[in-house]
Amino acid sequence: MSSTQSNDTTPASPPTVLPRPTLSASNSHVVFSIPDGAEAVLPGILSEDLPPDIANADISVAHHGNFVETSSGPAARELKRRYDRFLNVGKDVRSPFVITAYVNQHGKQMYRLG
């Protein structure tokens, strides 16, 4: 077997840990964090496999945890869908998440979920 990797744009091992939404102590806003160690294996919707195009999207969490940012619109929508399901959003529970599209300082389209 060769030890070289193919030139495919899809990494061999896409990221599996999604930022985790939690309510602040005052329940006034959502804070995102990257789980580590035992918390990295989350039950349910946050641990389901992602489609390859979304699994390989650049997803980052703001240093203060107030939002998640990505350059992929489909990834932002999939994250919002999963977070809404995680918090049981429905006709009686309103989503605390909103996606904001903007152009960053480098002219790149970005999506902020917070």
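Residues numbered from 1 in each chain as written. Predicted model: local features only at pLDDT ≥ 70, side-chain atom pairs only at ≥ 80, totals over all residues. Heavy atoms only, no water.

**Things to note about the overall build of the protein**
Reasoning step 1: Secondary structure summary: the protein contains two helices and six strands in total.
Reasoning step 2: In sequence order, the secondary structure elements of the protein are arranged as β-β-α-β-β-α-β-β.
Reasoning step 3: By the burial criterion, 30% of the 114 residues in the protein qualify as buried.
Reasoning step 4: By sequence separation, contacts in the protein at least 24 residues apart represent 48% of the contacts at least 6 residues apart.
Reasoning step 5: Surface summary for the protein: the accessible area is close to 7600 Å², and the carbon and sulfur share equals 52%. (Helix = DSSP H or I, 4+ residues; strand = E, 2+ residues; numbered from the N terminus. Buried < 20%, exposed > 50% of the residue type's maximum accessible area, 1.4 Å probe, protein only. Contact = heavy atoms within 4.5 Å. Areas by Shrake-Rupley, 256 points an atom, 1.4 Å probe, with all protein chains shown as cover.)

**So, the environment of Asp-58**
Reasoning step 1: If you trace the backbone, Asp-58 turns up in the loop between α1 (52–55) and β3 (59–61).
Reasoning step 2: Taking C-alpha positions, Asp-58 is 8.8 Å from Ala-75, a pair spaced 17 residues apart along the chain.
Reasoning step 3: The contact partners of Asp-58, leaving out residues within four places of it in the chain, are Glu-69, Thr-70, Ser-71, Ser-72 and Lys-108.

**A word on the pattern of salt bridges**
Reasoning step 1: As enumerated under the stated definition, the model contains four salt bridges in all.
Reasoning step 2: Between Arg-112 and Glu-69 there is a salt bridge, with its nearest N and O atoms 2.8 Å apart. Here Arg-112, found in strand β6 (residues 109–113), pairs with Glu-69, found in strand β4 (residues 68–70); they are 43 residues apart in sequence, far enough to count as distant.
Reasoning step 3: Residue classification places Arg-112 among the partly exposed positions, given a relative accessible area of 30%.
Reasoning step 4: The buried category is assigned to Glu-69, whose relative accessible area is 16%.
Reasoning step 5: Taken together, the shared-partner salt bridges in this structure form one network comprising Glu-78, Arg-81 and Arg-82. (Salt bridge = Lys/Arg side-chain N within 4 Å of Asp/Glu carboxyl O.)

**As for the environment of Phe-67**
Reasoning step 1: Among the secondary structure elements, Phe-67 is positioned in the loop between β3 and β4.
Reasoning step 2: Taking the C-alpha atoms as reference points, Phe-67 and Leu-113, 46 residues apart in sequence, are found 5.5 Å from one another.

**A closer look at the pairing of strand β5 (residues 99–103)**
Reasoning step 1: Taken together, the five bridges between β5 and β6 define a ladder with antiparallel strand orientation. Looking at the pairing, Ala-101 lines up with Tyr-111 of β6.
Reasoning step 2: Once β5 ends, the chain turns through five residues before running back antiparallel as β6, passing Gly-107 with a positive phi of about 80 degrees. (Pairing = 2+ DSSP bridges.)

**Some points on the confidence of the model for the protein**
Reasoning step 1: A residue-level look at the protein finds 61% of positions with pLDDT of 70 or above and a mean pLDDT of 74.
Reasoning step 2: A low-confidence stretch, residues 1–16 (pLDDT under 50), is modelled with six contacts involving residues beyond four sequence positions or located in other chains.
Reasoning step 3: Predicted confidence for residues 38–42 stays below pLDDT 50, and this span has six contacts to residues more than four positions away or in other chains. (pLDDT = per-residue confidence, 0-100.)

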